[in-house]
Amino acid sequence: MEVTLAIVKPDGVKRGLIGEILKRYENKGLRLKAAKVVTPSIELLEKHYEEHKGKPFFKPLIEYMSSGPVFAMVLEGENAVKLVRMINGATKVEDALPGTIRGDFASSTTYNVVHGSDSVESAKREIALWFPELIL
Ligand code: UDP
Ligand code: MG
């Protein structure tokens, strides 16, 4: 069964959106396999976002993501990677449609409430980073 990593980012946790967001994933039939509340280290975040190293938003992104606790979760289900991306909504704030988490709750491309792995390969890599103890 496919698994993916989803994260409620620090702005989402501060705004009390963990329950609302988890409900949307569960409503779509995704099952929670593992979860934790953690303030991620800079080291973990630089690995997590290594594809964006050197881009202008990289440093602010790492600062934002390390600014407080996040809710990281492993979700399982058929097409889990694609479903979470669809429920999360588009990256650009002006493209995130109403009905998606970003469309409903984000007003900035940077502070956009949630993360979702972008492929099965990324999901494997990210789950190993965030949940090294997890045996799937
Ligand atoms: N981001 C940003 N400015 C941009 C693009 C992305 O601040 O122009 C941030 C935003 O928080 C995004 C994260 O960097 O979620 C990772 O970017 P990516 O393109 O991987 O978007 P995602 O996969 O999260 O939709
Ligand atoms: Mg991405």
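Since the structure is predicted, the reported quantities are computational estimates derived from the model, not experimental observations. (Residues numbered from 1 in each chain as written. Chains lettered and ligands numbered in written order. Predicted model: local features only at pLDDT ≥ 70, side-chain atom pairs only at ≥ 80, totals over all residues. Heavy atoms only, no water.)

Enquirer: Mind showing me how you'd approach the UniProt feature "active site" (unreviewed entry) in the protein chain here?
Expert: The UniProt feature table records "active site" (unreviewed entry) at His 115. With respect to the helices, strands and loops of the structure, His 115 is situated in strand β4 (residues 114-116). With residues up to four places along the chain from it excluded, the contact list for His 115 reads Leu 5, Ala 6, Ile 7, Lys 9, His 48, Tyr 49, Asn 88, Arg 102 and Glu 126. There is a polar contact of 3.5 Å between the side chain of His 115 and the side chain of His 48. (UniProt positions renumbered as here; feature names shortened; annotations may be inferred. Helix = DSSP H or I, 4+ residues; strand = E, 2+ residues; numbered from the N terminus. Contact = heavy atoms within 4.5 Å. Polar contact = N/O pair within 3.5 Å; in protein donor to acceptor, adjacent residues only side chain to side chain.)

Enquirer: What exactly am I supposed to notice about the site of ligand 1 here?
Expert: Taken together, the neighbourhood of ligand 1 is formed by Lys 9, Tyr 49, His 52, Phe 57, Leu 61, Arg 85, Thr 91, Arg 102, Thr 109, Thr 110 and Asn 112. Between ligand 1 and Lys 9 there is a distance of 2.9 Å, counted from an oxygen atom to a side-chain nitrogen or oxygen. Between an oxygen atom of ligand 1 and a side-chain N or O atom of Asn 112, the distance comes to 2.8 Å. Surface burial for ligand 1 is 81%, taken as the share of its 500 Å² of free accessible area covered by protein chains. (Near = heavy atom within 4 Å. Areas by Shrake-Rupley, 256 points an atom, 1.4 Å probe, with all protein chains shown as cover.)

Enquirer: Would you mind going over the pattern of salt bridges with me for this structure?
Expert: Note that side chains of opposite charge can pair when their charged atoms are close. Applying the stated criterion across every chain, the model contains 8 salt bridges. Glu 20 is the salt-bridge partner of Arg 24, the closest N and O atoms lying 2.8 Å from each other. Of the two residues, Arg 24 and Glu 20 are both situated in helix α2 (residues 18-27); the distance of 4 residues between them amounts to about one turn of the helix. A salt bridge links Arg 125 to Glu 50, with the shortest nitrogen-to-oxygen separation between them at 3.5 Å. Taken as a pair, Arg 125 in helix α7 (residues 120-130) and Glu 50 in the loop between α3 (42-48) and α4 (58-65) lie far apart in primary sequence, 75 residues in all. For Arg 125, a relative accessible area of 32% puts it in the partly exposed group. Bridged by salt links that share partners, the residues Glu 20, Arg 24 and Asp 104 form one connected network. (Salt bridge = Lys/Arg side-chain N within 4 Å of Asp/Glu carboxyl O. Buried < 20%, exposed > 50% of the residue type's maximum accessible area, 1.4 Å probe, protein only.)

Enquirer: What am I meant to see in the sheet that holds strand β2 (residues 31-38) here?
Expert: Note on sheets: strands pair through backbone hydrogen bonds, and any given pair is parallel or antiparallel. Here 4 strands make up an open sheet; going across it, the order is β2-β3-β1-β4 and the pairing antiparallel. Strands at the two margins of the open sheet, each flanked by one partner only, are β2 and β4. On average, each strand axis in the sheet is tilted by 15 degrees relative to the strand beside it, whichever way the strands run. One ladder, built from 6 bridges, connects strand β1 (residues 3-8) with strand β3 (residues 70-76); its direction is antiparallel. If you follow Val 3 over to β3, its bridge partner there is Glu 76. On the sheet, helix α5 (residues 80-88) packs against β1, β3 and β4 and is oriented at approximately 25 degrees with respect to β1. Strand contacts of α7: β1, β2, β3 and β4, with the helix running at about 60 degrees to β1, the strand carrying the most contacts. (Pairing = 2+ DSSP bridges. Axes fitted to C-alpha atoms, helices over the stretch in contact; angles between N-to-C directions.)

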